[in-house]
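# Structural overview for review
Read off the chains here:
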Amino acid sequence: MDTDQPTPSQMPNTEGGGAYDQGGDYQTASLRASTEREVALRLIVSRAIVDADFYRHLKEDPQAAIDELHIRLDDADLSRFHRLDWARLDPHVEALRGELGFDTALRSGW
Amino acid sequence: MQPTTDDLDVAAVAAAYEAQARLICAGDLPAPLELRGRLAPERWKLEWHLPWWVGRSFGLDAALCHELSVSSVLGLAAIRLRDDIADGELDRADPATAAEWSEALLDAALESYRARLPSSSEFWPFVAAVLAPDGPAALASVSDGADLARRGAPLKVPAFAVCQLADRSDAFPTLARCLDHALTALVLYDHAADWEADLAAGRANAFTDGRSREELLVALLSDDVVRPYFARIATALARAAELAGALAVGPLAQHICDLAERFALDSEALAAHYSAVGDRAAALFGTAQERPAPPEGRS
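Please read these numbers as outputs of a predicted model, since none were measured by experiment.

### So, the overall build of chain A
Secondary structure assignment for chain A yields five helices and zero strands. Secondary structure elements of chain A, listed N to C terminal, follow the sequence α-α-α-α-α. Relative to its 110 residues, chain A shows a buried fraction of 22%. Within chain A, contacts between residues at least 6 apart in sequence are counted, and of these 48% link residues at least 24 apart.

Set out below in structure tokens:
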């Protein structure tokens, strides 16, 4: 994941081996890149559940919708969104939207 | 758990409150003054029990502590009514009439103290400061939030009075700090519970922390927002319990520990709920993680 203006330390360096070659610290760099990717995907999906307009936009034009969040995905991850069976997804997304309220979880009062 | 002989007789306090409120309202008990829901002892346990817990722990006799508890509930009703008038949230009551009820309830609440504390007592300037239009803000020694001050007034008056009556004025600063920490926790919890209503009404809310509804929900699904917020509540309650313990007011310390336990359960329930919804969403979109394999020959 990249933001619009990432600082060098925030960017996973994947060119020419990049961070994977620095000090043999593959696991740390891999974990960082993987975590950033997970965060990016989680943000996109969360936004799609919460925001019906964003969900429509994502359905119509995944690239443009994801750009709107200032997130850049690689081609493999972007293609996931192009391949989705949106008609199958629609009712499930609607159902998840119904579970966003706080009232069911917070009932203890005082 | 069965009440012990030294538990507050909540039913007797409720009956005494209702009798007094009916006198003030010429026989009827209007909706804003009903105990059920609005002023219920389960919801306002601190306000109902504080004079009893502190008074008994400081050696005051049971009859006096009972009377001070009735006074505390009358004061709570008066202050809640005053807040409702200010917020325009009166339930089928005329504001002018409600203001008269509020004044009369407050007057009845102070009656017990008039009989026992001379006009030269420090209690009266304290009450005047609390009841001044901008007074409650001066009461918040831990946080200066408006909610905290509003919640604090019905507690600080009886707390101050009990300390005076028990000849334990030295204990009040510690008790006041204990209440401020407890109230900080309760107000933070309130903000978590009421965030959607507060957002809709344009009220400041610590849980939303300036975020829109969408921003907060996305954060709840994609990040751990709940546990750090509830950790602040837990910290405040731990400090409150420690101070109550230092004053040897056992039931107050126990109540605060009970709150901490319940809020911790709420925190876990909320965090687990949103994490599960986020996980199901990720599975639905096919983005649930499979970590990339390391390059050949690397470990």
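### Digging into the overall build of chain B
If you tally the helices and strands in chain B, you get 11 helices and zero strands. For chain B, the proportion of its 299 residues judged to be buried stands at 42%.

### Some words on the domain arrangement of chain B
All names here are of chain B. Taken domain by domain, chain B consists of domain 1 (8-166) and domain 2 (168-284). With centres defined by C-alpha atoms, the gap from domain 1 to domain 2 works out at 25 Å. With 22 residues of domain 1 in contact, the opposing surface of domain 2 contributes 21 residues. At the level of secondary structure, the elements contributing two or more residues to the side of domain 1 that touches domain 2 comprise α2 (45-57) and α6 (146-165). Of all the elements, α6 adds the most residues to the side of domain 1 that touches domain 2, at 10 residues. Counted by class, the side of domain 1 that touches domain 2 contains 12 nonpolar, six polar and four charged residues.

### Thoughts on helix α11 (residues 250-285) of chain B
Here α11 of chain B contains 36 residues, and its C-alpha end-to-end distance of 53 Å stays within 8% of the 52 Å for a straight helix at 1.5 Å per residue. Just downstream of α11 of chain B, Gly 286 of chain B is the residue with a positive phi angle, here 70 degrees.

### Points about the packing of helix α9 (residues 213-222) of chain B against α11 of chain B
All names here are of chain B. Contact geometry for α9 and α11: axes closest at 7 Å, N-to-C directions at 85 degrees. The angle between the axes of α9 and α11 places the two elements in the roughly perpendicular class. Residues Leu 220, Leu 221 and Ser 222 of α9 form the contact with α11, whose participating residues are Tyr 274, Val 277, Gly 278 and Ala 281. Of the residues in the contact of α9 with α11, the class split is five nonpolar, two polar and no charged.

### So, unusual backbone geometry
For His 70 of chain A, which is not glycine, the phi dihedral falls at a positive 60 degrees. You can see His 70 of chain A is positioned in the loop between α3 (62-68) and α4 (75-83). Although it is not a glycine, Ala 248 of chain B adopts a positive phi angle of roughly 60 degrees. Assessed through the 11 C-beta atoms surrounding it within 10 Å, Ala 248 of chain B is described here as exposed.

### Section: the nonpolar core
Residues and elements named next belong to chain B. Ranked by size, the top nonpolar core spans 103 residues in total, and within it Ala 77, Leu 105, Ala 159, Ala 182 and Ala 240 carry the most contacts. Residue contributions to this core peak at 14 residues, all from helix α7 (residues 172-193). For this core, the two domains that each supply at least three residues are domain 1 (8-166) and domain 2 (168-284). The contacts of Ala 159, once residues within four sequence positions are left out, are Leu 50, Val 54, Phe 172, Leu 175, Ala 176 and Leu 179.

### Things to note about the confidence of the model for chain B
Residue and element names in this part refer to chain B. Chain-level statistics for chain B give a pLDDT mean of 87 and a share of 88% at 70 or above. Considering each helix and strand of chain B separately, the mean pLDDT is smallest for α6, with a value of 83, and largest for helix α10 (residues 226-246), with 97. With a pTM of 0.81, the predicted complex shows an ipTM of 0.72.

### Brief notes about the environment of Ala 77 of chain B
Residue and element names in this part refer to chain B. Here Ala 77 lies in helix α3 (residues 62-87). Overall, Ala 77 belongs to the buried group, with 29 C-beta atoms counted inside 10 Å. Note: C-alpha distance between Ala 77 and Pro 32 (45 residues apart in sequence) is 8.3 Å.

### Quick look at the packing of helix α1 (residues 10-24) of chain B against α3 of chain B
Residues and elements named next belong to chain B. One way to put it is that α1 packs onto α3 with a least axis distance of 9 Å and a crossing angle of 50 degrees. Judged on the interaxial angle alone, α3 and α1 are oblique. α3 is crossed by α1, and the crossing has right-handed handedness. Taking contact as the criterion, the partners of Ala 12, Val 13, Ala 16, Tyr 17, Gln 20 and Ala 21 in α1 are, on α3, His 66, Ser 69, Val 70, Val 73, Leu 74 and Ala 77. When grouped by side-chain class, the residues that make up the contact of α1 with α3 number nine nonpolar, three polar and no charged.

### As for helix α4 (residues 95-114) of chain B
For α4 of chain B, spanning 20 residues, the distance from its first C-alpha to its last is 28 Å, which sits close to the expected 28 Å at 1.5 Å a residue. Those residues of α4 of chain B that sit buried are Trp 101, Ser 102, Leu 105, Leu 106, Ala 108, Ala 109, Leu 110, Ser 112 and Tyr 113 of chain B.

### Concerning the environment of Leu 175 of chain B
Residues and elements named next belong to chain B. With respect to the helices, strands and loops of the structure, Leu 175 is situated in helix α7. Judged by the 25 C-beta atoms lying within 10 Å of it, Leu 175 is buried. Residues Leu 175 and Asp 194 lie 19 residues apart in sequence; the distance between their C-alpha atoms is 28 Å. Apart from the residues within four sequence positions on either side, Leu 175 is in contact with Val 54, Ala 159, Cys 163 and Leu 247.

The rules behind these values
- Residues numbered from 1 in each chain as written.
- Chains lettered and ligands numbered in written order.
- Predicted model: local features only at pLDDT ≥ 70, side-chain atom pairs only at ≥ 80, totals over all residues.
- Helix = DSSP H or I, 4+ residues; strand = E, 2+ residues; numbered from the N terminus.
- Buried ≥ 20, exposed ≤ 12 C-beta atoms within 10 Å, placed from the backbone.
- Contact = placed C-beta atoms within 7 Å.
- Domains from an automatic or database assignment.
- Nonpolar A, V, L, I, M, F, W, Y, C, P; charged D, E, K, R; others polar.
- Expected span 1.5 Å × (residues − 1).
- Axes fitted to C-alpha atoms, helices over the stretch in contact; angles between N-to-C directions.
- Parallel < 35°, antiparallel > 145°, perpendicular 65-115°, else oblique.
- Core = buried A, V, L, I, M, F, W, Y, C linked by C-beta atoms within 7 Å.
- pLDDT = per-residue confidence, 0-100.
- Left-handed = near helix turned anticlockwise from the far one by under 90°.

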